[in-house]
Amino acid sequence: MAEIPVYVISGFLESGKTSFLTETIQDKDFLDGGLSLLIACEEGEEEYDEKELEQLNIVKVVIEEEEDLTEELMFELQKTYKPARVLIEFNGMWKVDRLINEVLPNPYTIVQIITLVDATTFEVYMNNMRSLMAEQFKMTDMVIFNRTTDETNQSFCRRNVKAVNRRAQVYFEGFHGDAIEEEPEELPFDINAPVITLEDEDFGLWYMDALDNLDNYVGKTIKFRGYVYKPDRFTKGVLVPGRFAMTCCADDVAFIGFICKYEGAENFVSKQWVNVTAEIGKEFQQEYKGEGPVLYAKSIVLTGEPEEKLVYFS
């Protein structure tokens, strides 16, 4: 049985999902051949033109309650309409992982998940509904911040997405759908200094930037305070000095750090706080499943604990 491609457009109410899908379905190449099934999981101020949908051979089905969107329903829709493709305007308050794991049976196959965010309200949402926002980013392929203005803190937007999902692409658009040129990341430390010195709260920002822009750091020296992670499986001369980071809520705390090679590594054990001065390099490592940052430590010395042990990405 041929696969049925599924495109999921997610986001909170009034984030621009309907407008985005209305523009998408006007692309004749996208809808080339066969019936398209549009599943609308909420209805906002914007409405679809029913006559246009009919002309484009699109059938719209409205789902008002999350529990009504089931595997059984999808089988029934497949049997009734035999769609060539499915577009889902997904309710941002519903769980995408349930959609993927419980609702969409074979031959439905998710091709792309796009999350739309109103840039004018994003910071307020992150301050008051951080876990719900982060949930939207976890499985998305692309995040589009629309209604971007000169006042939009692009770095804040980008970091909060990448903290949850590094592979997600991030784009910015204005009020009329025009692409906005991305501003360079504003970092609170000088990457051109002879020694890049990180404050405790800056570790998370450096960690993400080093993952995304490693070549900017290779060969440079960095100094920071870290928490030692050193499991028994590590070979001699290797440890990981890092930090615990909170990405969305108190229940979502993870250890982050890079492999560090040091001749005196055997003198340290897990859970110690240390000051590290190291040169940044790039190597293939099994833990990274490819090339990634490696620290070649020049010195590691014990130090006291910081006042704030967690780091944040926003």
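Coordinates for the structure precede this section.
Residues numbered from 1 in each chain as written. Predicted model: local features only at pLDDT ≥ 70, side-chain atom pairs only at ≥ 80, totals over all residues. Heavy atoms only, no water.

(A) Structural view of helix 7 (residues 154-164). Judged by how many residues are buried, helix 7 sits mostly within the fold: 11 of 11 residues are covered. Of the residues making up helix 7, those classed as buried are Gln154, Ser155, Phe156, Cys157, Arg158, Arg159, Asn160, Val161, Lys162, Ala163 and Val164. As for helix 7, its buried residues are in contact with helix 5 (122-128), helix 6 (130-137), strand 6 (142-146), strand 7 (169-172) and helix 8 (203-212). Its side-chain oxygen at 3.3 Å from the backbone nitrogen of Ser155, Asn153 defines the N-terminal cap of helix 7. (Buried < 20%, exposed > 50% of the residue type's maximum accessible area, 1.4 Å probe, protein only. Helix = DSSP H or I, 4+ residues; strand = E, 2+ residues; numbered from the N terminus. Contact = heavy atoms within 4.5 Å. Polar contact = N/O pair within 3.5 Å; in protein donor to acceptor, adjacent residues only side chain to side chain.)

(B) Quick peek at the pattern of salt bridges. Considering all chains together, one arrives at 13 salt bridges under this definition. Among the ionic pairs, Asp200 bridges to Arg225, the shortest N-O distance being 2.5 Å. Taken as a pair, Asp200 in the loop between strand 8 (195-197) and helix 8 and Arg225 in strand 9 (residues 221-229) lie far apart in primary sequence, 25 residues in all. Here the two residues Asp200 and Arg225 agree in accessibility, since each one is buried. Through salt bridges with shared partners, a single network forms among Asp200, Arg225 and Arg243. (Salt bridge = Lys/Arg side-chain N within 4 Å of Asp/Glu carboxyl O.)

(C) The arrangement of the pairing of strand 13 (residues 273-285) in detail. By the bridge criterion, seven bridges tie strand 9 to strand 13 in an arrangement that is antiparallel. Each bridged residue has a counterpart across the sheet, and for Tyr227 the counterpart in strand 13 is Trp273. Sheet topology note: the strand 13/strand 14 (residues 290-302) ladder contains 12 bridges and is antiparallel. Looking at strand 14, one finds that Lys282 is bridged to Pro293. If you look at the hairpin formed by strand 13 and strand 14, you'll find four residues sitting between the two strands, and Lys289 has a positive phi there, around 55 degrees. (Pairing = 2+ DSSP bridges.)

(D) Highlighting the nonpolar core. With 33 residues, the main nonpolar core has Leu198, Phe203, Trp206, Tyr217, Leu295 and Ile300 as its most contacted residues. When residues of this core are traced back to their parent elements, those giving at least two are helix 8, strand 9, strand 10 (238-246), strand 13 and strand 14. The greatest single-element share of this core, amounting to six residues, is contributed by helix 8. Trp206 has contacts with Phe189, Leu198, Tyr217, Ile222, Phe258, Ile280 and Leu295, leaving out every residue within four places of it along the chain. Cys41, Val96, Leu104 and Tyr108 belong to the second largest nonpolar core, which has 21 residues in total. (Core = buried A, V, L, I, M, F, W, Y, C linked by side-chain atoms within 4.5 Å.)

(E) Region of the structure containing the side chain of Gln136. Structurally, the position occupied by Gln136 is in helix 6. When near neighbours in sequence (up to four residues on either side) are disregarded, Gln136 contacts Ser10, Gly11, Phe12, Gly92 and Thr115.

(F) Focus on the sheet that holds strand 6. Sheet architecture is open: seven strands sit in the order 3-2-4-1-5-6-7, paired in parallel fashion. At either end of the open sheet lies a strand with only one pairing partner, and these are strand 3 (58-62) and strand 7. Pairwise comparison of adjacent strand axes, ignoring direction, gives a mean angle of 20 degrees for this sheet. One ladder, built from four bridges, connects strand 6 with strand 7; its direction is parallel. If you follow Met142 over to strand 7, its bridge partner there is Gln169. Here helix 1 (residues 17-25) sits on the sheet and contacts strand 1 (4-10), strand 2 (36-40), strand 3, strand 4 (85-89), strand 5 (108-118) and strand 6; the angle it forms with strand 4, its principal contact strand, is near 160 degrees. Relative to strand 5, helix 6 is tilted by about 140 degrees, and along the sheet it contacts strand 1, strand 5 and strand 6. (Axes fitted to C-alpha atoms, helices over the stretch in contact; angles between N-to-C directions.)

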